[in-house]
Amino acid sequence: MKISPTPILVTVVAVVCIGLAIVYNAKQMAESANAPRPAPSKVSAPNVSVILATPGNYQAYVLGHGEAQSIWALTLKAQVQGEVTAISPQFATGNMVQKDAVLATIDSTQYAQAVASAKATLADAELALQEEQDLGAQAKREWQRSGVTQAPSSPLVYRTLQLKAAQANTDNARFALKTAERDEKNTRISAPFNGVILSRDIDLGSYVNVGDTIATLHSTDKVEISVPLSLAQWQNLSNELAAPVNLQDVTTGTRWTGYVARFERHLDATSRQRNVIVALDNPFEQTTPLLPGTFLSAEITGKKLSNVVKLPASAVAQNGQIWFVDEQNTLVNVMAEKVFERGDFVYIKPIEAMAEVKVVIRPLVSYLKGMLVSPTLENISPVVEEQAP
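Thresholds, definitions, all that
Residues numbered from 1 in each chain as written. Predicted model: local features only at pLDDT ≥ 70, side-chain atom pairs only at ≥ 80, totals over all residues. Heavy atoms only, no water. Salt bridge = Lys/Arg side-chain N within 4 Å of Asp/Glu carboxyl O. Helix = DSSP H or I, 4+ residues; strand = E, 2+ residues; numbered from the N terminus. Buried < 20%, exposed > 50% of the residue type's maximum accessible area, 1.4 Å probe, protein only. Pairing = 2+ DSSP bridges.

> I tried to follow the pattern of salt bridges on my own but got confused; where do I start?
Oppositely charged side chains are able to pair whenever their charged atoms sit close together. In the structure shown here, the tally under the stated rule is ten salt bridges. With its nearest N and O atoms 2.9 Å apart, the salt bridge here joins Glu 224 to Arg 262. Of this pair, Glu 224 sits in strand E11 (residues 222–229) while Arg 262 sits in strand E13 (residues 255–267), and the two are 38 residues apart along the sequence. By relative accessible area, which is 18% here, Glu 224 ends up buried. Among the residues examined, Arg 262 registers a relative accessible area of 38% and is labelled partly exposed. With its nearest N and O atoms 4.0 Å apart, the salt bridge here joins Arg 362 to Glu 378. Placement of Arg 362 in the loop between strand E20 (357–360) and strand E21 (374–377) and of Glu 378 in the segment after E21 is noted, with a sequence separation of 16 residues between them. Taking relative accessible area as the criterion, Arg 362 reaches 49% and is therefore assigned partly exposed. Since its relative accessible area comes to 30%, Glu 378 is described here as partly exposed. Residues participating in the shared-partner salt-bridge network are Glu 126, Asp 171 and Arg 174.

So, in structure tokens, the structure goes:
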């Protein structure tokens, strides 16, 4: 039986190929082992802009908001009744009137008559009083001429009780005259203070009763703004009255300079904050009048603070933290303890045991604690306020 040479040939070829593959792989591994190793790649540190923050002394400012209100807001009502017989040309909405200026007149005929009647009653009462005084003096003289040494047993002898009654009638008549004169005076409706007319509720010829609304007036001598402040803001506020306050219309940006008038000593029931009252005199005489009802921002000059760090507002992250670079150029984050803010800057308490800190100006959300960075020092442009002495 003959054996086919084909399987033997295939086997021989396979053995030879495997041998060649082993030799080739061994050669490649040797070459790879002897080849020079590539230099390790360097880790690049991102650049960050920092400022050198050091504690200093600064003037604190407290910012709040409030609405300007007149110190007097009056709904003027009729004190007497009658027909309106005259109205002043100044008695119109929007006009400014002076104190005691007559706005309108009510028919005073019956009140003038009442004054005359009260005067007559007073004259009669004074006459009766004088007569009783004379009769009492005469009674005393007659008692003395009678030779009786003891005092009379009844006050009627000296007409003491009659004199008291006459005196009481005279006093009553005098007060009745004052009442009649007051009612007659109230027929001339006048402004109780310097004010601006918001509304007029009567017309010429209309009839008014006691208690009817005549007009609505707001005073013009002064406006006040109630500014609610938090406890932290109160700690930066000076106790000095008349401290300057920068007022600004939040809509138009118009500015005025007011002052602290007083401090309220209770918490507001709605906001649970305490108010400081800011005032501005003669608001209608300003270059741009400050109208009641204007919503304002109020920047109040506060205490002079020491050992405070000034930073750009951008340095404080949304979570209230600041990032700084330590001596190893790695990032560290701490919670900022704000003292106050003003404009584009924030003032914080210094970081413990560090006199100078490289604070990151614009921290990113991708920052990680301990990240290696390359800090670049920048300067901060000066702000309007100066450091406190």
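> What is the right way to look at unusual backbone geometry in this model?
A negative phi angle characterises most non-glycine residues, just as the trans form characterises most peptide bonds. Although it is not a glycine, Asp 100 sits at a positive phi angle of roughly 70 degrees. Along the polypeptide, Asp 100 turns up in the loop between strand E5 (96–97) and strand E6 (102–106). Take Asp 100: its relative accessible area is 51%, and that puts it in the exposed class. Even without a glycine there, the phi angle at Asn 307 is positive, about 55 degrees.

> Help me understand the sheet that holds strand E4 (residues 82–87), please; the structure alone is not making it clear to me.
The pairing of strands in a sheet happens through backbone hydrogen bonds and is either parallel or antiparallel. An order of E7-E6-E4-E9 is seen for the four strands of this open sheet, with the pairing classed as antiparallel. At either end of the open sheet lies a strand with only one pairing partner, and these are strand E7 (188–190) and strand E9 (207–208).

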